[in-house]
Amino acid sequence: MTAKQKAVNDRRVELAGSQPPLLYPAYASTVLRAPSRPLIRLPETFSDLSAPVYGYMTVSEADADLTTQHDGAPQGERIIVAGKVVDEDGRPLAGTLIEVWQANAAGRYIHQRDQHPAPLDPNFTGAGRAITDAKGRYRFTTIKPGPYPWKNHYNAWRPAHIHFSIFGPSFLTRLVTQMYFPGDPFFPLDPIFQSIADSRARERLISKFDLDLTMPEWAVGYRFDIVLRGGSSTPFEGRA
Ligand SMILES: [Fe+2]
């Protein structure tokens, strides 16, 4: 194998421990939901590959601004989250649907199951979407989410995060992950984050503060690039 072939190989092969396992007992709900028997590969059907994935509503530019969905501005730190979606060779993926969902600045979701005593924000729903441009780029304006308690173990708090879903051309090409913020004190204590054994892979889930993205007098910028597979792949949920 030549050095060039090895470089290509290294780029394309996913390293052990770079994806979270389906069963990770410290993350308690995986004990119930992880399959206990070998997986069965289902044949792909025509509708799996051809059914629409974007729903009934056209994706508009306004969908990427989570701070303008209501009458007033939401509470919290306004931020810009932007990046690109690339394959293992660094080629950009245009036309990829990215959906995000997150807690508000106080760490509260608008969800029946989230009843922890932090305030809801009438000006923040916490969901947005965008489609990557010709260079694979996306950009959201939102509010920095707060950490929130969860009942996985005593005094458990999630690091602040934004959930990402990345849709390719069909339902079979959907990937889900979480983006974090630099320097979060909960990283060492969070079993979801720690379930990814490879520390370099974990770090790929942490966005980077970006002064070029930051807008004066307006919003702090964080960059989060997404690599779909290969040796530098972003960790994704349920793909192990
Ligand atoms: Fe969450």
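The structure under discussion appears in the preceding block.
Here is a short report on the structure shown in this document.

**What about the nonpolar core?**
Ranked by size, the top nonpolar core spans 35 residues in total, and within it Y138, F140, F164 and I226 carry the most contacts. Only strand 1 (78-86), strand 2 (97-102), strand 4 (137-143), strand 7 (161-167), strand 8 (174-180) and helix 4 (191-194) provide two or more residues apiece to this core. Here I226 is in contact with K84, V85, V86, Y138, F164, I166, T234 and F236, once residues within four sequence places are set aside.

**Some details on the pattern of salt bridges**
Charged atoms that come close allow side chains of opposite charge to pair. Across all of its chains, the model carries 9 salt bridges by this definition. A salt bridge links D133 to R137; the nearest nitrogen and oxygen atoms lie 2.9 Å apart. Under the relative-accessibility criterion, D133 is labelled partly exposed at 28%. Residue R137 is classed as partly exposed on the basis of its relative accessible area, which comes to 45%. Between R200 and D198 there is a salt bridge, with its nearest N and O atoms 3.4 Å apart. A residue is classified by how much of its surface remains accessible, and R200, at 54% relative accessible area, is exposed.

**Thoughts on the pairing of strand 8**
Of all 7 residues making up strand 8, 6 are buried, and the element is well covered by its neighbours. Pairing analysis gives 7 bridges linking strand 7 to strand 8, with the strands arranged antiparallel. Bridging across to strand 8, F164 finds its partner in T177. Between the antiparallel neighbours strand 7 and strand 8 lie 6 residues.

**Side note on the packing of aromatic side chains**
In this structure the tally under the stated criterion is 11 aromatic pairs. Arranged with centres 5.8 Å apart and planes meeting at 50 degrees, the rings of Y138 and F140 form a pair that is tilted. Considering the side-chain rings of W157 and F186, the 6.4 Å spacing of their centres and the 15 degrees angle between planes classify their relative orientation as stacked. Remark: F186 occurs in the loop between strand 8 and helix 4 and W157 occurs in strand 6 (residues 156-158); sequence separation between them is 29 residues. Within the aromatic cluster, the residues linked to one another by ring pairs are Y138, F140, F164 and F224. Here the guanidinium or amino end of R78 rests over the ring plane of W218, the centre of that ring lying 3.5 Å away.

What counts as what
Residues numbered from 1 in each chain as written. Predicted model: local features only at pLDDT ≥ 70, side-chain atom pairs only at ≥ 80, totals over all residues. Heavy atoms only, no water. Core = buried A, V, L, I, M, F, W, Y, C linked by side-chain atoms within 4.5 Å. Buried < 20%, exposed > 50% of the residue type's maximum accessible area, 1.4 Å probe, protein only. Helix = DSSP H or I, 4+ residues; strand = E, 2+ residues; numbered from the N terminus. Contact = heavy atoms within 4.5 Å. Salt bridge = Lys/Arg side-chain N within 4 Å of Asp/Glu carboxyl O. Pairing = 2+ DSSP bridges. Phe/Tyr/Trp six-rings, centres within 6.5 Å; stacked < 30°, edge-to-face > 60°. Lys NZ or Arg CZ within 6 Å of the ring centre and 35° of its normal.

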